[in-house]
Amino acid sequence: MKKVLIVSYYWPPSGGIAVHRCLKFAKYLREFGWEPIVCTAENAEYPVIDESNFKDIPEGMTQLKTKIWEPYNLFKLITGKKKEERIHNVFLEEEEHTFAHKLGIWIRGNLFIPDARRFWIGPASRYLIKYLQENSVDAIFTNGPPHTNHMIAYKIKRKLGIPWHADFQDPWTQVDYFPQLMLNPISRKIHETMEQRVFKYADRVTICSNTWKRDLESIGAKNVGVIVWGYDEDDFKNIKEPLSNKFTLSHYGSLGPDRNAKTLWRVLSELAKEDDKFAEDLEIELAGFIGKPVIDEIENLGLKKNLKLLPHLSRSETLKKMHRSQVLLLILNDMPNVNGRLPGKLFEYLASRRPILVVGPEESDASEIVTRANAGVTCDFRDYEKTRKTVTELYEKFKKKELASNETDISEYTNRNLTKKLAGYLDEITGMQQH
């Protein structure tokens, strides 16, 4: 069996969505002729912990761990956070950042390049070069962000010449928050140079949407493929949850100021004021790290009693709640590169078989997938008329108990089939493509 070294900062016990990209690939690679070996950080500062993810690690798989030093205690000191607090997305917490918070972001963007895990590059690359000189593998796979993973593979590639597949779950210099890093010209150039090194030395590049593939190609990336996020059929076995008796509109995951669905909240507020029964039935369920501007917007519109805020949930509990919800909200980032954003939750929404309301551009990749799967409706961020019409229609179906499940074939998005695609790419770059 061929061997692939996966370099991934995110690995169990990490929770959240990011860990599942490499974890699910590792879970299924053996079925397609590849034995995964994973190198990860030994003492990582994960924003979320979810012990249940350990179940997906293949039995007997080699796991290599090297120590990492992360500057989060420095960030906490600058911003006045407690040492035991976990750092989530620094752009979610406030709409108007304090000077100390802005200073922390400036330091992160200009001194910790490519990201706050940069101090792992040297130790991990040295360890792996030595390991690989004694234990051969056929290919290396890295996923970013954090793009530190790519820089580790870059050093190995330059030294040992092993075929390298660089995967992006989010872009690098084209990511939506890149302008918020307050980069000086020198720091920006360093980011761009590192990114170009990946494009030059990686034998294959993949990213998670067609639009972002074209974006990468526009700045020089070659041999770019697409592997979308997906869902694991195993995670959905034996979930039998009764539907909520409320008209629940549910969102799972972070919601920052750039995903504040103001038009939707306004429509819900107006309908609640016009119809007492709608007001009684409505429940806005938001689970995860919700920015204060989002909460303030909803509450200021008189929907405080309809708002149900949940903390970050375990993966199993999240999937159960998806099945209970009447309507699943997919609120995209109102940012220039939004058309290519395909959140991981989209595919789990599809697998949950509940109606999806996409808030974002109708020409986006997310909208295209939802439409093709006959799984929901898309309303643009500021399209008041369509949003009101859509919510009204959904509510009428809810009252008639006609918010039906969708049975369209979505098997192309299973983690097993996406891993098969990855294995094909690995076969190609190692010169062993199967005919």
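Just so it is clear, the structure is predicted and the values come from calculations on it, not from any experiment.

**What about the pattern of salt bridges?**
Enumeration according to the criterion identifies 36 salt bridges in this entry. The residue Lys399 makes a salt bridge to Glu396 at a minimum N-O spacing of 3.4 Å. One end of the pair is Lys399 and the other is Glu396, both in helix α14 (residues 384-399) and three residues apart, which spans about a single turn. Here Glu396 falls in the partly exposed class, since its relative accessible area comes to 34%.

**Some thoughts on a nonpolar patch on the surface**
Together, Phe99, Leu103, Trp106, Leu111 and Met182 line one region of the surface with nonpolar side chains, adding up to about 500 Å² of accessible area. Take Trp106: it is sitting in helix α3 (residues 99-111). The exposure class of Trp106 is partly exposed, given its relative accessible area of 34%.

**Here's the deal with a positive patch on the surface**
Among the surface-exposed residues, Arg126, Lys155, Arg158, Arg197 and Lys200 lie close enough to one another that they form a single positively charged patch. Contributions of two or more residues to the positive patch are made by α5 (148-160) and α6 (185-201). Looking at the element boundaries, Arg126 is found in helix α4 (residues 121-134). We classify Arg126 as exposed; its relative accessible area is 58%.

**A closer look at empty space enclosed by the protein**
Counted according to the given criterion, the structure contains three cavities of 30 Å³ or more. Approximately 120 Å³ is the volume found for the largest cavity. Every residue lining the largest cavity is counted, 13 residues in all, and those nearest its centre are His20, Lys24, Trp229, Gly230 and Asn415. Here the residues of the lining of the largest cavity are counted per class, giving five nonpolar, four polar and four charged. By volume, the second largest cavity is sized at about 30 Å³.

**Some remarks on helix α8 (residues 262-274)**
The periodicity of an α-helix, 3.6 residues per turn, causes residues three or four positions apart to be oriented the same way. The terminal C-alpha atoms of α8 lie 18 Å apart, and with 13 residues this matches the ideal 18 Å at 1.5 Å per residue to within 8%. Those residues of α8 lying buried are Thr263, Leu264, Trp265, Val267, Leu268, Ser269, Leu271 and Ala272.

What counts, and at which threshold
Residues numbered from 1 in each chain as written. Predicted model: local features only at pLDDT ≥ 70, side-chain atom pairs only at ≥ 80, totals over all residues. Heavy atoms only, no water. Salt bridge = Lys/Arg side-chain N within 4 Å of Asp/Glu carboxyl O. Helix = DSSP H or I, 4+ residues; strand = E, 2+ residues; numbered from the N terminus. Buried < 20%, exposed > 50% of the residue type's maximum accessible area, 1.4 Å probe, protein only. Patch = residues over 30% accessible without salt bridge, like charges linked within 9 Å, V, L, I, M, F, W, Y side chains within 5 Å. Areas by Shrake-Rupley, 256 points an atom, 1.4 Å probe, with all protein chains shown as cover. Lys, Arg positive; Asp, Glu negative; His and termini not counted. Charge placed at Lys NZ, Arg CZ, Asp CG, Glu CD. 1 Å grid on protein atoms, 1.4 Å probe; cavity = no way out; pocket = protein on both sides within 12 Å on 5 of 7 lines; lining within 4 Å. Points joined across faces, edges and corners; volume = space filled by probe spheres on them. Nonpolar A, V, L, I, M, F, W, Y, C, P; charged D, E, K, R; others polar. Expected span 1.5 Å × (residues − 1).

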